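An overview of the molecular structure
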Amino acid sequence: MHLIASAICKHEGFTYNPSETEWWNHGFSTESDFIYVTTQILTEDQLLALSEDVGSNRTLLICCAAYRVSEKLLNGILSNLTIKKNS
């Protein structure tokens, strides 16, 4: 997984630097913009938990296999998350 995360970080313009304390933090582009790379299909509950953990003062790009969430929720409560499906 480290090679995939490292490659996607580079492709997306992030510095690969996994956090020792935040399991979802694989890298950063600024001091408040982070990236999480996974091969999972993320559920609405997982995304809500991630959004809460990230907080309102930070943003997170999530690169995942797929996700299940409504556009309304994505544009509302989850506004600190940007989600991209991996090809």
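All residue numbers refer to positions counted from 1 along the written sequence of the respective chain. Residue-level local features of this predicted model are given only where pLDDT is at least 70; pairs of side-chain atoms are given and counted only at 80 or more, and the full residue set underlies all totals for whole chains, interfaces and linings. The side-chain figures draw on all heavy atoms in the structure; neither hydrogens nor water molecules are used.

To continue, consider the overall build of the protein. Of regular secondary structure, the protein possesses three helices and seven strands. Numbering of helices and strands runs from the N terminus, with a helix taken as a DSSP run of H or I at least four residues long and a strand as a DSSP run of E at least two residues long. The secondary structure elements of the protein, listed N-terminal to C-terminal, are α-β-β-β-β-α-β-β-α-β. Each principal axis of the C-alpha distribution contributes one length, and for the protein these read about 30 × 30 × 20 Å. In the protein, buried positions account for 36% of the 87 residues. A contact between two residues is defined here by any heavy atoms of the two lying within 4.5 Å. Partitioning the contacts of the protein with sequence separation of at least 6, the portion at a separation of at least 24 is 49%. Here the protein has roughly 5,500 Å² of accessible surface; of this, 51% comes from carbon and sulfur atoms. Neither His nor the chain ends contribute to the count of charged residues, in which Lys and Arg are positive and Asp and Glu negative. For the purpose of locating charges, the reference atoms are NZ of Lys, CZ of Arg, CG of Asp and CD of Glu. Measuring between centres, the 6 positive side-chain charges of the protein sit 10 Å from its 10 negative side-chain charges. In this scheme, a residue with accessible area under 20% of its type's maximum is buried, one over 50% is exposed, and one in between is partly exposed, where area comes from a 1.4 Å probe on protein chains only. For every accessible area listed, the method is Shrake-Rupley and the probe measures 1.4 Å; residues are considered covered only by the protein chains on display.

What follows deals with the nonpolar core. Core analysis: the largest hydrophobic core is formed by 16 residues, its most contacted members being Trp24, Leu47, Leu50, Leu60, Ile62, Leu78 and Leu81. Ignoring any residue separated from it by four or fewer positions in sequence, one finds Leu47 in contact with Leu42, Ile62, Tyr67, Val69, Leu78, Leu81 and Ile83. Residues grouped as a nonpolar core are buried Ala, Val, Leu, Ile, Met, Phe, Trp, Tyr and Cys residues, joined through side-chain atoms within 4.5 Å. Judged by nonpolar contacts, the second largest core, of eight residues, contains Cys9, Phe14, Ile35 and Val37.

Another point: the pattern of salt bridges. Salt bridge criterion: a side-chain nitrogen from Lys or Arg within 4 Å of a carboxyl oxygen from Asp or Glu. Across all of its chains, the model carries two salt bridges by this definition. Salt-bridge contacts for Glu12 lead to Lys84; the nearest nitrogen and oxygen are separated by 2.9 Å. Of the two residues, Glu12 sits in helix α1 (residues 2-12) while Lys84 sits in strand β7 (residues 81-85), which places them 72 residues apart along the sequence. Ionic pairing is found between Glu22 and Arg58, a salt bridge with its closest N-O pair at 2.9 Å. Separated by 36 residues along the polypeptide, Glu22 in the loop between β1 (15-16) and β2 (27-30) and Arg58 in the loop between α2 (44-54) and β5 (59-64) bring together distant segments of the chain.

What follows deals with the packing of aromatic side chains. What counts as a ring pair is set by centres within 6.5 Å for rings of Phe, Tyr and Trp (its six-membered ring), and what kind of pair is set by the plane angle: stacked under 30 degrees, edge-to-face over 60, tilted for all other angles. Counting across every chain of the model gives two aromatic pairs. Ring geometry for Trp23 and Tyr36: centres 5.3 Å apart, planes at 90°, overall edge-to-face. Remark: Tyr36 occurs in strand β3 (residues 33-37) and Trp23 occurs in the loop between β1 and β2; sequence separation between them is 13 residues.

Right, let's talk about the sheet that holds β5 for a bit. Spatial strand order, β1-β2-β3-β5-β7: five strands in an open sheet with mixed pairing. What marks the edges here is a single partner per strand, and that holds for β1 and β7. Here, any two strands with at least 2 DSSP bridges between them count as paired. Pairing analysis gives five bridges linking β5 to β7, with the strands arranged parallel. Each residue of the ladder has a partner; that of Cys63, found in β7, is Lys84. Relative to β3, α1 is tilted by about 140°, and along the sheet it contacts β1, β3, β5 and β7. An axis is simply a line fitted to the C-alpha atoms; with a helix, the fit covers only the stretch in contact. Between two such axes, the angle follows the N-to-C directions and lies from 0 to 180 degrees. Sheet strands in contact with α2 are β3, β5 and β7, and its direction is about 150° off that of β5.

Shape is all these values report; function is a separate question.
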